[in-house]
Amino acid sequence: MSVAEFTGKEAARRPSLSPLNQRRWQNFKANRRGYWSLWIFLILFVLSLFSEFIANDRPILASYKGEVLFPVLIDYPEEKFGGFLAVTDYRDPVIKDEIEANGWMIWPPVRYHYRTVNNEIPQAAPAKPSWMYTAEERCQRYPQGVDDPNCVVGNWNWLGTDDQARDVLSRVIYGFRVSVLFGLILTAGSAVLGVSAGAVQGYFGGLTDLVFQRFVEIWSAIPVLYLLLIIAAILPPGFFILLGIMLLFSWVSFVGIVRAEFLRARNFEYVNAARALGVPNRTIMFRHLLPNAMVATLTFLPFILNGSITTLTALDFLGFGLPPGSASLGELLKQGQRNLNAPWLGISGFVVISLMLSLLIFIGEATRDAFDPRKTFR
């Protein structure tokens, strides 16, 4: 066997994680609550990324006069099916009968988008969950009653409707995705800015640290809520506008942690040796010091993500978050407060938010155990 073949086989057998990270992963798995919370959260988040295939007022796949269509991905004009609107309403009985007479449709499990208004609810909005009605009550608004082909499980409102007759389950699914994506993007952006600022402060110290620290103190003293009110009065509300405003202030929470780690480690022997060898400061900071500083930062990340989601929910509840009509868990809680006679609104929003935040807290606790030096190096 040649040296190259032996080296290649050794590399193939070499574990992808270092022994230290393997011990950390074992410590993470030892916290069973955090380990299973991670899997549950990942499954829910991945499913939410495909919300259009789970809850939508368009078919996933359709066949019309021999042509295979993908309505969930492509906007087909209604004139294709004999209508005249620019965008097809597949829930329209005329369009639905036309397509089924010349082909077939495969619908998502929930036939409502988060914007879809259900005009067949048996009572004035907000309507109770469909399973709380009898079959006759549930189908009384359909032309053929119980025998109507549209009165099927896919058209049920499993969690009821809100005060605008929109399906609560579909709004919860889309709202979960928006909340998690907002939190992840905000946390990632805050980590990049905060870690970079803290690294510069801690590594160079002296006047650089003094000036940056005074700036951070002044910047963090700005009232974020008042600033949001002012900007909301000038700019139209939006996902990225709100994200940009929150990013201006959320990075400060990372600075103190990274700064302390760099101040502690910048005079270690291996750092002085690297300086003596002429290694650039940027290389020392991000290749040698940053991996050690990231231990505390990674432990802190799930809690920052939790706070980001809570902030978005609170702003939506107050009316300063996402645009009106957006899928929002905070807006669902607000509707629950306004409609105390419809407890399914507040309960649905509360359960989803509580579950999401609890999973993130458990993941954060397991991450803290994984990076705990007393458990990693014993």
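Above this text you will find the structure in question.
Residues numbered from 1 in each chain as written. Predicted model: local features only at pLDDT ≥ 70, side-chain atom pairs only at ≥ 80, totals over all residues. Heavy atoms only, no water.

In this section: the environment of Phe182. Considering the arrangement of structural elements, one finds Phe182 in helix 7 (residues 168-204). According to the relative accessible area criterion, Phe182 is buried, its value standing at 0%. On a C-alpha basis, the gap between Phe182 and Leu247 in space is 11 Å, while along the polypeptide they are 65 residues apart. Setting aside residues up to four positions removed in sequence, Phe182 forms contacts with Phe239, Leu242, Leu243, Met246, Ser308 and Leu312. (Helix = DSSP H or I, 4+ residues; strand = E, 2+ residues; numbered from the N terminus. Buried < 20%, exposed > 50% of the residue type's maximum accessible area, 1.4 Å probe, protein only. Contact = heavy atoms within 4.5 Å.)

It is worth spelling out the packing of helix 2 (residues 19-30) against helix 15 (residues 343-370) at this point. In the contact formed by helix 2 and helix 15, the axes pass within 8 Å of each other and the chain directions differ by 140°. Viewed along their axes, helix 2 and helix 15 adopt a mutual orientation that is oblique. For the pair helix 2 and helix 15, the crossing hand works out as right-handed. Contact residues: Arg24, Asn27 and Phe28 in helix 2; Ile363, Ala366, Thr367, Asp369 and Ala370 in helix 15. Considering only residue class, the contact of helix 2 with helix 15 consists of four nonpolar, two polar and two charged. (Axes fitted to C-alpha atoms, helices over the stretch in contact; angles between N-to-C directions. Parallel < 35°, antiparallel > 145°, perpendicular 65-115°, else oblique. Left-handed = near helix turned anticlockwise from the far one by under 90°. Nonpolar A, V, L, I, M, F, W, Y, C, P; charged D, E, K, R; others polar.)

Right, let's talk about the packing of helix 3 (residues 32-49) against helix 7 for a bit. At a minimum axis separation of 9 Å, helix 3 and helix 7 run at an interaxial angle of 110°. Accordingly, the angle class assigned to the pair helix 3 and helix 7 is roughly perpendicular. In this structure, the crossing between helix 3 and helix 7 has a hand that is left-handed. Of the residues in helix 7, those touching helix 3 at Phe41, Leu44, Phe45, Ser48 and Leu49 are Ile173, Phe176, Arg177, Val180, Leu181 and Leu184. Partitioning the contact of helix 3 with helix 7 into residue classes produces nine nonpolar, one polar and one charged.

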